[in-house]
Amino acid sequence: MSKLIIRGKRRLSGETEVQGAKNSVLPLLAASILAKGESVFLGCPHLSDVEASIKILRYLGCKVSHKDGTICVKADGISRYDIPTELMREMRSSIVFLGAVISRGGKARLSFPGGCELGPRPIDLHLKALRQMGVSIEERYGVLECSCEKGIKGARIALSFPSVGATENAMIAAVLAKGTTTITNAAREPEICDLAEYLNRCGAKIYGAGEGTIVIDGVESLTGCCHTVIPDRIVATTLMSAAAVTSGDIVLHGVVQSHLGAVTPVFEEAGCKVVFSRGNMRITAPEKLNSVKHIRTMPYPGFPTDCQAPVMAMTAVAQGTSVIVENIFENRFRHVGELVRMGANIKVEGKVAVVEGVPKLFGTSVVAPDLRGAAALVAAGLCARGKTEISGINFLERGYESFETVLSGLGADIKKI
Ligand code: EPZ
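Only a predicted model underlies this, so the values are computations on that prediction, with no experimental measurement involved.

**Student:** Let's hear about the domain arrangement of the protein chain: which residues, and what values?
**Tutor:** Under the domain assignment, the protein chain is made up of domain 1 (3-19 + 231-416) and domain 2 (22-228). Using C-alpha coordinates to define each centre, domain 1 is positioned 30 Å away from domain 2. If you look at the interface, domain 1 gives 25 residues, while domain 2 gives 18 residues. Regarding the contact of domain 1 and domain 2, the summed buried area is about 1800 Å², with carbon and sulfur atoms giving 53% of it. If you sort the residues of domain 1 by the area they bury against domain 2, Tyr 300, Arg 398 and Glu 401 come out on top, with a joint share of 32%. At the junction of domain 1 and domain 2, the tally comes to two salt bridges. The shortest N-O distance in the salt bridge between Asp 49 and Arg 398 comes to 2.9 Å. For the side of domain 1 that touches domain 2, the secondary-structure elements that each account for two or more residues are helix H12 (371-383) and helix H13 (394-399). At five residues, H13 tops the list of elements feeding residues into the side of domain 1 that touches domain 2.

In C-alpha cells:
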C-alpha cells in the first residue's frame, strides 16, 4: 500500500495547471452512451474514479480510449444494460449511469451502490425521479431491476433536496424522453452546467441548468461532439489551502472565478490575498493566518462540502477559533481525529466542528479516512514540523491527479513510496 512522506514547513511558490473536474467527467462519460458517433472529452484527469467509469463503459460495449487527458467514447456498440457489482462497489457514484443505461436500452440492472466513507449515501431521490418518468424499479437483494418498455416520458420532478447526482440522472434520462421534463429545486453546481452544455452540443434541449429549475424538451437523438471539461474547483481550493498553510505565493492556471464564489471570501478572511485574471488566480498567504469565524457547507453556490476538510486543515493553524458546520453529509469529520494526532485542537459536536487554531502541527503517521480527508492531511503535513507519513492514499488518487508531483513542483518536500 503506497504512502506519502511529507517534510513540512516548505513555503509553496510557483505556478501550476488545475486538473479537469472529476465530478464533471463522471456524469459526462455516463451521458456519452446516449450519443451516436464519437464523443471526445478534453482535459480529463487520470484518476482511479475516471478509470472505473471507463471500465463500466467498456463493459457495456463502448469503445473508449484515454490518452494524455483526452477520452474518446464510441457508444454505438453497446450490448449490455447491467453494471456488475464489483464495478458498482469500486465507485458508488456509478449510480449516475442509471438514467443513461435505461434511456439507451429501456432497461438496467445494477447493484445498490453501497454506502461509503461519508455515510449511507441514499439514492431515493434518483429512484423517485426515474419512477416519475415511467421507469419501473424493483429493489431486491441489493439489486435494482429497472425497465421502461414504453420508453421514458417527461415528468414534473420536484427534488426535496438539490441532489447533484439525482439532478444529473434525471437530466440524462430526460434528454431523449417523450415530452418535456421539469426539475425544480435542482442542483446548481457548475458540473450540472457542464453536463448540460455537452448534451446541448450533442443536440439536446436543456434550459436553465445552473438555476433552481431546469426544463428539458426530449429530442429524437443525440450526436457525439467534442467537449472540454471544466477545471476542478475542489482541487483548486485544496491548492489554495496548501499555499495558505505554508505562507505561500502560487499562481493557479485554469480556474473559473465564479466557481469559487463561496470559497474565495474564506481565504480572504484568513488573511490571504486572492487575485483573479483571465482564467488564472494568484493567492498570497500571510505569515500568520486568521481564523474563519463561521463556515457552513451548503449546496452550490454555498460553501462546498468537498472543500470542508482541506479548509479545516488551514483553520487548524490559524490564530483564533473557527466554527465549521457540515450540513450535507452526516459523517464527514473523519479527518478530525487524524488532524488532532498532528496537534490540532478540534472539538466535534454532531455536525459542528470547533477549531482552536494552534501555532504549529507536528508530523506523525496518519491514515487517510476518505478522499477529501486525505487532502486535508496533505495540507496539514505541508505545514507540520518534521515528517508526516500518510497511508491510505488510494483515496487521494480517486480525485487528485499526481498530486505529489504537482506539490513538489511548487516546492513541497513530498514523496510517494
Ligand atoms: C456529488 O455527490 C459529488 N460526487 C460529491 O463529491 C459531493 O460531495 C456532492 O455531490 C455534494 O456536492 C460526484 O459528483 C461524483 P448529493 P452526490 O446527491 O451526487 C443526500 C467528492 O468528494 N441524498 O448532492 O452523491 C445525500 O445523502 C464527492 O468529490 C439523499 O438523501 O451528492 C447527501 O447527504 C463526495 N438521497 C446529500 O443528499 C438521494 O437520493 C447530498 O448528496 C441523493 C442524495
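From this point on, the discussion continues.
**Student:** Can you break down the site of the ligand residue by residue, with the values?
**Tutor:** In the neighbourhood of the ligand, 23 residues make up the surrounding shell, with Asp 124, Leu 125, Ser 163, Asp 306 and Ile 328 lying closest. Between the ligand and the protein, one listed contact pairs an oxygen atom with a side-chain N or O atom of Asp 306 at 2.5 Å. Taking Arg 332, its side chain carries an N or O atom lying 3.1 Å from an oxygen atom of the ligand. Against a free-state accessible area of 830 Å², the protein chains account for coverage of 87% of the ligand. Listing elements by their share of the shell around the ligand, those giving two or more residues are helix H1 (22-31), helix H5 (124-132), helix H6 (164-174) and H12. Each residue belonging to the shell around the ligand can be placed in one class, and the counts come to ten nonpolar, six polar and seven charged. Both domain 1 (3-19 + 231-416) and domain 2 (22-228) contribute no fewer than three residues apiece to the shell around the ligand.

Cut-offs used in this document
Residues numbered from 1 in each chain as written. Predicted model: local features only at pLDDT ≥ 70, side-chain atom pairs only at ≥ 80, totals over all residues. Heavy atoms only, no water. Domains from an automatic or database assignment. Contact = heavy atoms within 4.5 Å. Buried area = accessible area lost by both parts, 1.4 Å probe. Salt bridge = Lys/Arg side-chain N within 4 Å of Asp/Glu carboxyl O. Helix = DSSP H or I, 4+ residues; strand = E, 2+ residues; numbered from the N terminus. Near = heavy atom within 4 Å. Polar contact = N/O pair within 3.5 Å; in protein donor to acceptor, adjacent residues only side chain to side chain. Areas by Shrake-Rupley, 256 points an atom, 1.4 Å probe, with all protein chains shown as cover. Nonpolar A, V, L, I, M, F, W, Y, C, P; charged D, E, K, R; others polar.

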